[in-house]
Amino acid sequence: MCGPQYEWYFLVNTDTQSSKNNKMPKEKTTNWSRDKDNNNNNKDDDDEDDNINNVNVVGPCTVQQRWKSCATNGWLTMMFLAYSFLLTVRVHFTYSMMVMMILPLVPEATDRPLCPGAILNVGANSTTVVARRLDWTIREQAFTMGAYFLGTLVSTLPGGVYSSRGYERSIMLWSMGITASTLALVPVAFVQFNSWVAVTFLRFLQGCAFGPAGSCGGTLAGKIIPKTNIILYSTFMFSGTMFGGSFGHLFSGIAIPNISHEGSYLALSALGFIWVAVWATMIHLTPYASDVNNTPRSAAFISTAWTVIMRSMPFVSLLNASFGFGFLYNFITTGIPIYTANVLGGDVVKNGIPVFATWLIGWITSIIAGILGESLANIDTITKTMIRKMYVGIVLIGSPFMLLGAFLSGCNESYAKTFISMAVILLGFERNSIRINSMDLCPGYVGSLIAMCDVFYSMGNVIDSVVIRCLLADTMNWCVTFQVTIILSITCSILFLLFGSSTQQCWDERYIRP
């Protein structure tokens, strides 16, 4: 299979012959539409037929068709790798903090003491060798972790707006370049300067770099993926975050004990710069053109379009679900590893290796959910809206109930880890629901809408990382933390279950930028 059928033709400008070298993609038309065109304009059809006859054919597909299909797959694969890299960075920093700090992330006084017979192997008690351990307060550690999401709050909306204006590839290039650069500086700030301010600032810059990533991916997907495959392909692309969560645990579990804490950051930085080099080369050699209506949309920060969009109940319910998912996701990726280490015991860094399998299953689940969702959407009895709502319910209701089971399991390690694994795996259904729902509602504004969703997602992360941990800085109350996460996540699902939709909204075509 060669993917979507495309032909390349020359645009001839009557004023100058230099435009003959400009190639543009055109979707292959049916015989019926060609007959209709013959009745309307025979001359144009004759010119097009002449161009088609000049196309090199290799087997059932033209050379240009093969090239375009490969280019599309290349862009999507690179975005998948970008999401994987960015989430690996995020997970790795959590492990780094738990190794570097004398007392990592949780105060000594907690309502859940270490289980009988368990051995605490974290922070000052860790067997992992590091250059030095740092005596930061719990509030300083919480703010350093939360600085990442403060950065996303700053950059998400501007980055999303400008990605909608056609700058998505350039923004993504800068995002990955900044992330790779700051990674190389983090161990210097940790070890050489022991500077809480410097590490927090670098963490903030990484958050700023991550902010526009979702919007850039959504905008790119809307441009290059044929409409018939956009949901399935974009689900695969966005599932890179789940794969990054998996790879981040594996990388940290192997690199920190075996390479060194500082070396792990340098290795990640090198991977980031390799991605940047490949992406920059693709921008230069492999331009892409839109397969959908590319009419420019209004993307101003303050515009009539925004006032209409923010009054739409389907979109408001999506923002609410994004906030709940941000809070839930941050607790699972940050709070659960801390809870496991401080209550169930074990070596927190080496635990990353078995946790890798759980996140890998979650990634596979996201792919299966995408394929299943697209298949069910074609059945008359099950609408796309029902699928989106069902998946949101699995994420924002099912996953919190798994967390409840983990907490009630107490010191029964096998039960607790089974429930925690299920909570992670169920997150895979989010890629085919909350993440891509903006494409359902408004393909024309998808970059800006994803950016707004990411703002609410980041707010949920900030509240969990900074507000909750600062309030509980003196005495950690795991019971309250679990209850807040469970109740908030389920509450945020209600609006979407009532008002969520996959129907393209009327305001998608209403406002066009002159």
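These numbers were taken from a predicted model, which means no experiment stands behind them. (Residues numbered from 1 in each chain as written. Predicted model: local features only at pLDDT ≥ 70, side-chain atom pairs only at ≥ 80, totals over all residues. Heavy atoms only, no water.)

> I would appreciate a short explanation of the overall build of the protein chain in the present structure.
Tallying secondary structure elements over the protein chain gives 17 helices and six strands in all. For the protein chain, the proportion of its 514 residues judged to be buried stands at 55%. Summarising the internal contacts of the protein chain: among those between residues at least 6 apart in sequence, 85% fall at separations of at least 24. A total of about 21,500 Å² of accessible surface is found on the protein chain, and carbon and sulfur atoms cover 64% of it. (Helix = DSSP H or I, 4+ residues; strand = E, 2+ residues; numbered from the N terminus. Buried < 20%, exposed > 50% of the residue type's maximum accessible area, 1.4 Å probe, protein only. Contact = heavy atoms within 4.5 Å. Areas by Shrake-Rupley, 256 points an atom, 1.4 Å probe, with all protein chains shown as cover.)

> Got a minute to help me understand the pattern of salt bridges in this structure?
Side-chain pairs of opposite charge can arise whenever the charged atoms involved come near each other. All told, the structure shown has five salt bridges when counted by the stated rule. One salt bridge in this structure joins Glu413 and Lys417, with 2.8 Å as the shortest N-O distance. Remark: Lys417 and Glu413 occur in helix α14 (residues 413-426); sequence separation between them is four residues, near one turn of the helix. Classification of Glu413 as partly exposed rests on a relative accessible area of 39%. As a salt-bridge pair, Asp454 and Arg435 come within 2.9 Å of each other at their nearest N and O atoms. (Salt bridge = Lys/Arg side-chain N within 4 Å of Asp/Glu carboxyl O.)

> I would appreciate a short explanation of unusual backbone geometry in the present structure.
Trans peptide bonds make up most of the peptide bonds, and negative phi angles are found at most residues other than glycine. In this structure, Ser260 is a non-glycine residue whose phi angle is positive, near 135°. With respect to the helices, strands and loops of the structure, Ser260 is situated in the loop between α8 (240-258) and α9 (261-285).

> Help me out: how do you make sense of the state of the cysteines in this one?
A covalent bond bridging the sulfur atoms of two cysteines is what the word disulfide describes. One pass over the full model with this rule turns up one disulfide. Bridging Cys115 to Cys411, the disulfide has an S-S length of 2.1 Å. Looking along the S-S bond of the Cys115-Cys411 disulfide, the torsion reads about -90°, which is the left-handed sense. Placement of the pair is Cys115 in the loop between α3 (63-100) and β5 (120-121) and Cys411 in the loop between α13 (384-408) and α14, with a sequence separation of 296 residues. When its relative accessible area of 6% is taken as the criterion, Cys115 is described as buried. (Disulfide = S-S within 2.5 Å.)

> Explain the environment of Arg133 here, please?
Following the sequence through the fold, Arg133 ends up in the loop between β5 and α4 (138-192). Taking the C-alpha atoms as reference points, Arg133 and Ile102, separated by 31 residues in sequence, lie 5.7 Å from one another. Looking at Arg133, its side chain comes within polar contact range of the main-chain oxygen of Val99, at 2.5 Å. (Polar contact = N/O pair within 3.5 Å; in protein donor to acceptor, adjacent residues only side chain to side chain.)

> Explain the packing of α8 against α9 to me, please; I cannot follow it from the model alone.
Angle between the axes and distance between the axes: these two values describe a pair of packed helices. Interaxial distance between α8 and α9 falls to 7 Å at its minimum, and their mutual angle equals 130°. By the angle between their axes, α8 is oblique relative to α9. For the element pair α8 and α9, the recorded crossing hand is right-handed. Where α8 approaches α9, its residues Phe251, Ala255 and Ile256 are matched on the opposing element by His261, Ser264, Ala267 and Leu268. Broken down by class, the residue content of the contact of α8 with α9 amounts to five nonpolar, two polar and no charged. (Axes fitted to C-alpha atoms, helices over the stretch in contact; angles between N-to-C directions. Parallel < 35°, antiparallel > 145°, perpendicular 65-115°, else oblique. Left-handed = near helix turned anticlockwise from the far one by under 90°. Nonpolar A, V, L, I, M, F, W, Y, C, P; charged D, E, K, R; others polar.)

> Is there a simple way to explain the packing of α8 against helix α12 (residues 352-377) in this structure?
Packing of α8 against α12 leaves a shortest axis separation of 8 Å and a crossing angle of 170°. Classified by the angle between their axes, α8 and α12 sit roughly antiparallel to one another. Like other packed secondary-structure pairs, α8 and α12 cross with a definite hand, here left-handed. Taken together, the residues of α12 that come into contact with α8 (itself represented by Met242, Phe243, Gly245, Ser246, Phe247, His249, Leu250, Gly253 and Ile254) are Gly352, Ile353, Val355, Phe356, Trp359, Leu360, Gly362 and Trp363.

> Help me understand helix α6 (residues 213-224) in this model?
Structurally, the α-helix is built with 3.6 residues per turn, so residues lying three or four positions apart point the same way. Along its twelve residues, α6 runs 17 Å from first to last C-alpha, staying within 8% of the 16 Å computed at 1.5 Å per residue. What α6 keeps buried is the set Ala213, Gly214, Ser215, Cys216, Gly217, Gly218, Thr219, Leu220, Ala221, Gly222, Lys223 and Ile224. (Expected span 1.5 Å × (residues − 1).)

> Hey, could you run me through the packing of aromatic side chains in this one?
Each aromatic ring pair is described using two quantities: the centre-to-centre distance and the angle formed by the ring planes. By the definition in use, this model includes 24 aromatic pairs. Ring centres of Phe331 and Phe482 lie 5.1 Å apart, and the angle between their planes is 85°; on these two criteria the pair is classed as edge-to-face. Here Phe331, found in helix α11 (residues 313-344), pairs with Phe482, found in helix α17 (residues 478-499); they are 151 residues apart in sequence, far enough to count as distant. No difference in accessibility class separates Phe331 from Phe482, as the two residues are buried. Between Tyr339 and Phe482 the ring centres are 5.1 Å apart and the planes differ by 70°, which places this aromatic pair in the edge-to-face class. Here Phe482 lies in helix α17 and Tyr339 lies in helix α11, a separation of 143 residues in the sequence. (Phe/Tyr/Trp six-rings, centres within 6.5 Å; stacked < 30°, edge-to-face > 60°.)

> Would you mind going over a nonpolar patch on the surface with me for this structure?
Together, Phe247, Leu271, Ile274 and Val278 give the surface a local cluster of nonpolar side chains, amounting to about 330 Å² of exposed area. Ranked by residues supplied to the nonpolar patch, first place goes to α9 with three residues. Position of Phe247 relative to the elements: it lies in helix α8. (Patch = residues over 30% accessible without salt bridge, like charges linked within 9 Å, V, L, I, M, F, W, Y side chains within 5 Å.)

> What should I look at first to understand the nonpolar core in this one?
Soluble globular proteins: nonpolar side chains tend toward being buried together. If you look at the biggest cluster of nonpolar residues, it comprises 111 residues, and the most contacted ones within it are Met172, Phe190, Phe315, Leu403, Leu427 and Trp478. Ranked by the residues each element gives to this core, the list is headed by α3, at 18 residues. Leave out the neighbours within four places in its chain, and Met172 touches Met79, Ala82, Leu86, Ala213, Cys216, Trp275 and Trp279. (Core = buried A, V, L, I, M, F, W, Y, C linked by side-chain atoms within 4.5 Å.)

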